[in-house]
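Structural overview
Now for the letters of each chain:
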Amino acid sequence: MQKDCFNICFSKYIIEKCKCQSLLSLYLKPNIDICLNSTQIICELKDFIEYFENNIDNFCLEKCPIECNRIAYDLTTTYA
């Protein structure tokens, strides 16, 4: 899904900018520490805001196109 792609793209952005990974990054790079100290957390939050306010289209849109094929099922239950 495009949403998952954006999450991965953002996580890579944080790793690149802050030299640590977000707790939500799904451990993309096992050798990179989680952002835990105050400097890293401030970097992560600042970049999070900047990323979503200004750069999401430039940084991730080309890498995360809307999927062409998708199957979605609705669940219904009937009783007799």
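All figures in this text were calculated on a predicted structure; none of them were measured in a lab.

1. Considering the overall build of the protein
A count of helices and strands for the protein gives two helices and zero strands. Among the 80 residues that make up the protein, the fraction classed as buried is 29%. Taking all contacts inside the protein whose residues are at least 6 apart in sequence as the whole, residues at least 24 apart take part in 49%. Just so you have it, the protein exposes about 6700 Å², and 58% of that area is on carbon and sulfur atoms.

2. Here we look at the state of the cysteines
Overall, the coordinates contain three disulfides when judged by the stated rule. Cys-5 shares a disulfide with Cys-64; S-S distance 2.0 Å. A torsion of -75° about the S-S bond marks the disulfide between Cys-5 and Cys-64 as left-handed. Remark: Cys-64 occurs in the segment after helix H2 (38-61) and Cys-5 occurs in helix H1 (residues 2-18); sequence separation between them is 59 residues. Here Cys-5 falls in the partly exposed class, since its relative accessible area comes to 24%. Shown here is the disulfide that connects Cys-18 with Cys-43, its sulfur atoms set 2.0 Å apart. Because the torsion about its S-S bond is -90°, the bridge between Cys-18 and Cys-43 counts as left-handed. One end of the pair, Cys-18, is in helix H1; the other, Cys-43, is in helix H2, with 25 residues separating them in the sequence. Judged by relative accessible area, Cys-18 falls into the buried class, the value being 9%.

3. Considering the nonpolar core
Core analysis: the largest hydrophobic core is formed by seven residues, namely Phe-10, Tyr-13, Ile-14, Cys-18, Cys-20, Cys-35 and Cys-43. The element contributing the most residues to this core is H1, with four residues.

4. A word on H1
For H1, built from 17 residues, the straight-helix expectation of 24 Å at 1.5 Å per residue is met to within 8% by its first-to-last C-alpha distance of 24 Å. The set of residues buried in H1 consists of Gln-2, Phe-6, Cys-9, Phe-10, Ser-11, Tyr-13, Ile-14, Ile-15 and Cys-18. In the segment just after H1, Lys-19 is the residue with positive phi, at about 60°.

What counts and how
Residues numbered from 1 in each chain as written. Predicted model: local features only at pLDDT ≥ 70, side-chain atom pairs only at ≥ 80, totals over all residues. Heavy atoms only, no water. Helix = DSSP H or I, 4+ residues; strand = E, 2+ residues; numbered from the N terminus. Buried < 20%, exposed > 50% of the residue type's maximum accessible area, 1.4 Å probe, protein only. Contact = heavy atoms within 4.5 Å. Areas by Shrake-Rupley, 256 points an atom, 1.4 Å probe, with all protein chains shown as cover. Disulfide = S-S within 2.5 Å. Core = buried A, V, L, I, M, F, W, Y, C linked by side-chain atoms within 4.5 Å. Expected span 1.5 Å × (residues − 1).

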